[in-house]
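# Coordinates in review
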Amino acid sequence: MNAQQLSPSVRRVAVVGGARIPFARSDGPYATASNQQMLTAALDGLVERYGLQGPGAVGEFVAGAVLKHARDFNLARETVLGSQLHPSTPAYDIQQACGTGLQAVIAAANKIALGQTDSAVAGGADTASDAPLGVNDSLRRILLEVRRAKSPGARLKALAKVRPGHLVPDIPRNAEPRTGLSMGEHAAVTARAWGIPREAQDRLAATSHRRLAAAYERGFFQDLVVPFRGLARDQNLRPGSTVEKLASLKPVFGLGHPDPTMTAGNSTPLTDGAATVLLASENWARERGLEPLAYLTAYETAAVDFVGGDVAGGEDGLLMAPAYAVPRMLERAGLGLDDFDLVEVHEAFASQVLATLAAWEKRGLGTVDRARLNVAGSSLATGHPFAATGARIVATLAKLLAERDAPARGLISVCAAGGQGVTAILERA
């Protein structure tokens, strides 16, 4: 068999560390930074921290982006070639909307577990500032006709079809192709279905900012965040956020219904950023004197029919797939919510977090102690560069678990566009 021969047994996969750049609001400090530039900065931070220079230092690099230009077609590999990783490091792209970063971690972990590689870096990047603008589709068809033309006359005839309206580009929209609704509008439907009150959403948002600020103040992110383009902290962080201040904001989603509850303050802003995670076998880490922060022990994905399913009832809302993935994963692992010391739920919207918690409770999983939920803040405070969030959460949770003296276990839940969800379990023995 070739060099990719499987090991006779599944190996434990260690989360060794992570590195990311501070997340920035769109059209801000990173407005001119590409996905590749941001991802390279995060990757170089990881390479420098863990001495990953040199041939064969890392088995492979897997990463992705949701908003990609044509130039990003081979993003992971181009990032390697522009980074301090050795050029001989294989790389490939992956994409699953907001679940991209966590799916990259899972893809790398599977190869390590099966003995196909001993180490890997996973991550993701996204820029809402530099979102690709598509050529007007009618113009695109005319240009293709010009390219296929066999004579100058035929080319001129095709070009004569161009009209001023054809020069207007297709602007990217944060909308589901199947429904035409934005993610925020979908979340508003779910919030109404589950009866999620405004005050609870604002309280969750204020807590996220307060906890992220506290984590920065105690130096928690010193070895996780790499300064980039003048930022040393997440730009969206508002340490002074309170329920009272957030209550003054006007709703921005669900405005066609009575008493809308979702505002810019309890929803995640458009964000630019990148994050990476170093994964390895226990032997690889031991040989290099690196202490694993935690181990990735289980993962599960799910999807819901957010078009024809029970959307009005809340069960199959666009962002509710983790309500199905987590129960399946816990049943397979023989665990309950009470077995977790920490719980990380991606905060796309405060209402979505609260609806997910309510769904878990409805499915008999019990309640999540808020003192264990997103203890170092999450996306409402950090921001959410789509493909980077999963890697950010994995690195953050792994370090939080490593800080505890006793064995500990953490749960990760990430919702994603397209009605999907990606979940995982980290443990520290």
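Here, the structure is the one placed above.
Figured I'd write up the structure that's included with this text.

### Points about the overall build of the protein
What the protein contains, in helices and strands, is 13 helices and 12 strands. Dimensions of the protein, computed from C-alpha atoms along their principal axes, come out at roughly 75 × 60 × 45 Å. For the protein, buried positions account for 56% of its 429 residues. Looking at the protein as shown, the accessible area adds up to about 17800 Å², and 53% of this sits on carbon and sulfur atoms. The centroid of the 44 positive side-chain charges in the protein is displaced by 7 Å from the centroid of its 42 negative side-chain charges.

### Structural notes on the packing of aromatic side chains
Within this structure, the stated rule accounts for 4 aromatic pairs. Judged by centre distance (4.6 Å) and plane angle (40°), the ring pair of Tyr216 and Phe221 falls under tilted. The two residues Tyr216 and Phe221 agree in class, both being buried. Taken together, the aromatic side chains of Tyr216, Phe220 and Phe221 make up a single cluster linked through ring pairs. Just above the ring of Tyr295 sits the side chain of Arg12; from NZ or CZ to the centre is 3.6 Å. One residue, Lys399, lies across the ring of Phe220, its end atom 4.7 Å from the ring centre.

### Focus on the pattern of salt bridges
Tallied over the full model, the rule gives 22 salt bridges. Between Lys161 and Glu145 there is a salt bridge whose closest N-O contact spans 2.9 Å. Of this pair, Lys161 sits in the loop between helix H5 (152–159) and helix H6 (183–194) while Glu145 sits in helix H4 (residues 137–148); the two residues are 16 residues apart in sequence, bridging distant segments of the chain. Residue class for Lys161 comes out partly exposed when judged on its relative accessible area of 40%. The partner of Glu315 in a salt bridge is Lys362, and the shortest N-O contact between them spans 2.6 Å. Within this pair, whereas Glu315 is found in the loop between strand E9 (294–303) and helix H10 (322–333), its partner Lys362 is found in helix H11 (residues 350–362), the two being separated by 47 residues in sequence. What makes Glu315 buried here is its relative accessible area of 13%. With a relative accessible area of 57%, Lys362 lands in the exposed category.

### As for helix H3 (residues 100–113)
Its 14 residues give H3 an end-to-end C-alpha distance of 20 Å, which sits within 8% of 20 Å, the value for a rise of 1.5 Å per residue. Counting buried residues along H3, 12 of its 14 residues qualify, which places the element largely inside the surrounding structure. Of all the positions in H3, only Thr100, Gly101, Leu102, Gln103, Ala104, Val105, Ile106, Ala107, Ala108, Ala109, Ile112 and Ala113 are classed as buried.

### Describing the environment of Thr242
Tracing the backbone through its elements, the reader meets Thr242 in the loop between helix H7 (198–217) and helix H8 (243–246). It is 24 Å that separates the C-alpha atoms of Thr242 and Thr389, two residues lying 147 residues apart in sequence.

### Things to note about the side chain of Asp72
Along the chain, the position of Asp72 falls in the loop between strand E3 (60–64) and helix H2 (75–81). Although buried, Asp72 forms no salt bridge, and the nearest oppositely charged side chain, Arg71, lies 4.5 Å from it. At a separation of 3.1 Å, a polar atom in the side chain of Asp72 contacts the side chain of Asn35. Leave out the neighbours within four places in its chain, and Asp72 touches Asn35, Leu67 and Asp93.

### A word on the environment of Asn236
Here Asn236 is to be found in the loop between H7 and H8. Given the relative accessible area of 4%, Asn236 is considered buried. Discounting residues that sit within four places of it in the chain, Asn236 has contacts with Phe23, Arg25, His209, Pro269, Leu380, Ala381, Thr382 and Gly383.

### Let's talk about the nonpolar core
Counting 52 residues, the largest nonpolar core has Trp360 and Leu411 as the members making the most contacts within it. Of all elements in the fold, only H6, H7, H8, E9, H10, strand E10 (342–345), H11 and strand E11 (408–416) reach the threshold of two or more residues within this core. Per element, the largest residue contribution to this core is 7 residues, and it comes from H11. Excluding anything up to four places from it in sequence, Leu411 contacts Val326, Met329, Leu337, Phe340, Leu342, Val343, Glu344, Trp360, Leu397, Ala424 and Ile425.

### Remarks on the packing of H4 against H5
The interhelical angle for the contact between H4 and H5, taken along N-to-C directions, is 175°, at an axis separation of 8 Å. The angle between H4 and H5 falls in the class roughly antiparallel. Contacts from Ile142, Glu145 and Val146 of H4 reach H5 at Arg155, Ala158 and Leu159. In terms of residue class, the contact of H4 with H5 is built from 4 nonpolar, no polar and 2 charged.

### A closer look at unusual backbone geometry
Backbone geometry at Asp27 places phi at a positive 60°, although glycine is not the residue there. Here Asp27 lies in the loop between strand E2 (24–25) and helix H1 (35–50). Backbone geometry at Arg229 places phi at a positive 50°, although glycine is not the residue there. Looking at the element boundaries, Arg229 is found in the loop between H7 and H8.

Rules behind the numbers
Residues numbered from 1 in each chain as written. Predicted model: local features only at pLDDT ≥ 70, side-chain atom pairs only at ≥ 80, totals over all residues. Heavy atoms only, no water. Helix = DSSP H or I, 4+ residues; strand = E, 2+ residues; numbered from the N terminus. Buried < 20%, exposed > 50% of the residue type's maximum accessible area, 1.4 Å probe, protein only. Areas by Shrake-Rupley, 256 points an atom, 1.4 Å probe, with all protein chains shown as cover. Lys, Arg positive; Asp, Glu negative; His and termini not counted. Charge placed at Lys NZ, Arg CZ, Asp CG, Glu CD. Phe/Tyr/Trp six-rings, centres within 6.5 Å; stacked < 30°, edge-to-face > 60°. Lys NZ or Arg CZ within 6 Å of the ring centre and 35° of its normal. Salt bridge = Lys/Arg side-chain N within 4 Å of Asp/Glu carboxyl O. Expected span 1.5 Å × (residues − 1). Polar contact = N/O pair within 3.5 Å; in protein donor to acceptor, adjacent residues only side chain to side chain. Contact = heavy atoms within 4.5 Å. Core = buried A, V, L, I, M, F, W, Y, C linked by side-chain atoms within 4.5 Å. Axes fitted to C-alpha atoms, helices over the stretch in contact; angles between N-to-C directions. Parallel < 35°, antiparallel > 145°, perpendicular 65-115°, else oblique. Nonpolar A, V, L, I, M, F, W, Y, C, P; charged D, E, K, R; others polar.

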